[in-house]
Amino acid sequence: MKKTLLGHTGIEVTVAGFGVLPIGPSQLALPVEEGARILRYALSAGMNFIDTAQYYRTYPYISRALGDGEFDDVIICSKSLCGDYDGMIEAIMEARSELRRDVIDIFLMHEVRSGQLEKREGAWQALIDAKKRGLVRAIGLSTHHVDITEAAAEMKELDVVFPLINCAGLGIRRGNAFASREEMMAAIAKCHAAGKGVFSMKAFGGGSLTANYQEALDYVFSKPEIDSVMIGFGTTAEVDDLLHYLDGSMAPDYNPDVSHKKVYINQEDCEGCGSCKAACPAGAIFYNESGLAEVNHEKCLTCGYCSPVCPVRAVIMY
C-alpha cells in the first residue's frame, strides 16, 4: 500500500489506516483473538497505521496482533479524553505498558469540542512534556469541530490533527451548530498549509454512507490536504474491499451489501439529547433506564434520518 509523510512529523504512514473501534467492546465486541486476526490480516496486506484510544479498550487486540516484533514498524496513534495533566500522563503510560512500546508514535487529546482547548490546557501541556521526554513522537488532537480544526493550524507545538470529514458532511460541528464539509475542508487546508499532519475519520459517517462506498471514499481520497484516511474495520472482507478500491481492481458499480446492517446508538458517546428520537419517523428510538437512546430493531426502518441530527456521532450502523 502506498505510503505518505504525515505533515512535517517525519512519520511515514499508509494512505489508509485501521481504526480498531469496531472490533472492540463498544461495537462488535469480538473475542480478542478474532479481532487481532483481522488486524493482522490488514497489516500483512501492507497497512502500517493503527488508530485506537484509551476509552476504546482495544489495546489487547493490538498487542495480540503485533505479536513479538513482526510488525515493529507499525505506526500507532492513541488518544485520551483526560482534561488534566496527571490524567493525560497516566493515559500515555497506560498505552506504553498495554501496547508494550517505550514510545507511542502519536498521542492526541481525544474529541476536542468548541470551548475545550482552555479547559483541557493541563492535558495539552502533558502532551508537550511527554514529547520532550521522548514518550511520544508526535502530538495533536482529534475533533468533529471546524473551529477546533482551525485553531489547530495555529498551535505551534501541535504536529497532527485528526478531523471528521465525509462527503455528506455528517457530524461536522461548529460550536453548538452543524457545519458543512466545505467549512471543514477549508480548516483542514489551513492545517495542511501550516505543515500539520492530517488524517481523517468517519469517511462513512459511522456506517451511514457505506451503501455509497466508492462515492464516500472518492471524496476523502481525492483531497491532497488529507495525508491518510482512517477506516474502521470489523471483518477481513471489509479490508479486502478497501484494498480493491485502492489498487483500482474494484468494479465501478460495486457497493457492499449492507442489508444485514442495523442502526445502533453507541452508549459511550450518547448524551441523551433526544435529537435522534425526535427525528425517527418509526418511533424506533427510546430512552433506556440510563437515560440514553437505544433502537428497537423491530420498528427500525434503517432510513437513516437519525444519523445526521446526532451532535456527537453516536448513531452508527454495523
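Now for a look at the structure at hand. Think of each chain on its own: its residues are numbered from 1, step by step along the sequence as written. For a predicted model such as this one, the threshold for reporting local features is a pLDDT of at least 70, and the threshold for listing and counting side-chain atom pairs is 80 or more; totals across whole chains, interfaces and linings nevertheless cover every residue. Remark: hydrogens and water are excluded; side-chain values derive from all non-hydrogen atoms of the structure.

Side note on the layout of surface pockets
Over the atoms, a rolling probe the size of a water molecule traces out where space has been left empty.
Reasoning step 1: Roughly 940 Å³ of internal volume is contained in the largest pocket.
Reasoning step 2: Definitions used for this entry: grid spacing 1 Å over protein atoms alone; cavity, a set of points where a 1.4 Å probe fits but cannot get out; pocket, an open set with protein on both sides within 12 Å along at least 5 of 7 lines; lining residue, one with an atom within 4 Å of a point. Lining the largest pocket are 47 residues, and of these Pro 22, Gln 27, Gly 207, Gly 232 and Phe 233 lie nearest its centre.
Reasoning step 3: Listing elements by their share of the lining of the largest pocket, those giving two or more residues are β7 (136-143), β12 (228-232), α9 (236-247) and β16 (315-317).
Reasoning step 4: Helix numbering and strand numbering both begin at the N terminus, where a helix is a DSSP run of H or I of at least 4 residues and a strand a DSSP run of E of at least 2. Here the lining of the largest pocket takes 4 residues from α9, the largest share from any one element.
Reasoning step 5: Throughout, the ten residues Ala, Val, Leu, Ile, Met, Phe, Trp, Tyr, Cys and Pro are labelled nonpolar, Asp, Glu, Lys and Arg are labelled charged, and all others, Gly among them, are labelled polar. Of the residues in the lining of the largest pocket, the class split is 23 nonpolar, 14 polar and 10 charged. Grid points are joined across faces, edges and corners, and a volume is the space filled by probe spheres set on the points.

Re empty space enclosed by the protein
Reasoning step 1: Taken as a whole, this structure holds 2 cavities of 30 Å³ or more when the rule is applied.
Reasoning step 2: Taken as a whole, the largest cavity holds about 100 Å³ of empty space.
Reasoning step 3: Along its surface, the largest cavity is lined by 14 residues, and Cys 280, Cys 300, Leu 301, Cys 303 and Cys 306 are the ones closest to its centre.
Reasoning step 4: Within the lining of the largest cavity, the residues separate by chemical class into 12 nonpolar, 2 polar and no charged.

Points about the pairing of β7
Reasoning step 1: Partly exposed residues are those whose accessible area sits between 20% and 50% of the maximum for their type, while under 20% is buried and over 50% is exposed, using a 1.4 Å probe and protein chains only. Counting buried positions along β7 gives 7 out of 8 residues, so the element sits mostly inside the fold.
Reasoning step 2: At least two DSSP bridges between two strands are required for those strands to pair. By the bridge criterion, 5 bridges tie strand β6 (residues 104-109) to β7 in an arrangement that is parallel. Residue pairing across strands places Met 109 opposite Leu 141, the latter belonging to β7.
Reasoning step 3: Note: β7 against strand β8 (residues 160-163), 4 bridges, orientation parallel. Residue Ser 142 lies in a different strand from β8, and its bridge partner there is Phe 162.
Reasoning step 4: Handedness of the β7-helix α6 (residues 146-152)-β8 crossover: right-handed. Place the viewer so that the strands point away; then a crossover is right-handed whenever the path from the first strand over the helix to the second strand goes clockwise.

Some remarks on the sheet that holds strand β3 (residues 16-19)
Reasoning step 1: Read around the closed barrel, the 8 strands follow the order β3-β4-β5-β6-β7-β8-β11-β12; overall the barrel is parallel. Across the sheet, the mean angle from the axis of one strand to that of its neighbour is 30°, orientation sign disregarded.
Reasoning step 2: Note that β3 and strand β4 (residues 49-51) share 2 bridges and pair parallel. Residue Gly 19 lies in a different strand from β4, and its bridge partner there is Asp 51.
Reasoning step 3: Pairs of residues are marked as contacts when any of their non-hydrogen atoms sit within 4.5 Å. A fitted line through C-alpha atoms represents every axis, and for helices the fit uses only the stretch in contact; the resulting angles, taken between N-to-C directions, go from 0 to 180 degrees. Where helix α5 (residues 121-132) meets the sheet, it contacts β6 and β7, and its direction lies at approximately 155° from that of β7.

Quick word on the pairing of β12
Reasoning step 1: Of all 5 residues in β12, 4 are buried, a share of seventy percent or more.
Reasoning step 2: With 4 bridges joining them, β3 and β12 adopt parallel strand pairing. The residue bridging Gly 17 from the neighbouring strand is Met 230, located in β12.
Reasoning step 3: As paired elements, strand β11 (residues 197-200) and β12 share 2 bridges and run parallel to each other. From the neighbouring strand, Ser 200 faces β12, where its bridge partner is Val 229.

Looking at helix α2 (residues 59-66)
Residues lying three or four places apart along an α-helix face the same way, a consequence of the helix completing one turn every 3.6 residues.
Reasoning step 1: For α2, the buried fraction is high: 6 of the 8 residues fall into the buried class.
Reasoning step 2: Of the surrounding secondary structure, the elements contacted by the buried residues of α2 are α1 (32-44), β4, β5 (75-80) and α3 (85-98).
Reasoning step 3: One or two steps after α2, the chain reaches Gly 67, where phi turns positive at roughly 65°.

Points about the packing of aromatic side chains
Reasoning step 1: Pairs were defined over the aromatic rings of Phe, Tyr and Trp, the Trp ring being its six-membered one, requiring ring centres within 6.5 Å. Orientation was assigned from the angle between planes: stacked under 30 degrees, edge-to-face over 60, tilted for the rest. If you walk through the whole model with that rule in mind, you get 8 aromatic pairs.
Reasoning step 2: When the centroid spacing of 4.3 Å and the interplanar angle of 25° are considered together, the rings of Phe 162 and Phe 199 count as stacked. Separated by 37 residues along the polypeptide, Phe 162 in strand β8 and Phe 199 in strand β11 bring together distant segments of the chain. The two residues Phe 162 and Phe 199 agree in class, both being buried.
Reasoning step 3: Taken together, Phe 49, Phe 162 and Phe 199 form an aromatic cluster joined through their ring pairs.
Reasoning step 4: Over the aromatic face of Phe 178 sits the side chain of Arg 173, whose NZ or CZ is 4.5 Å from the ring centroid. Only Lys NZ and Arg CZ are tested; either one counts as a charge over a ring when it is within 6 Å of the ring centre and within 35 degrees of the ring normal.

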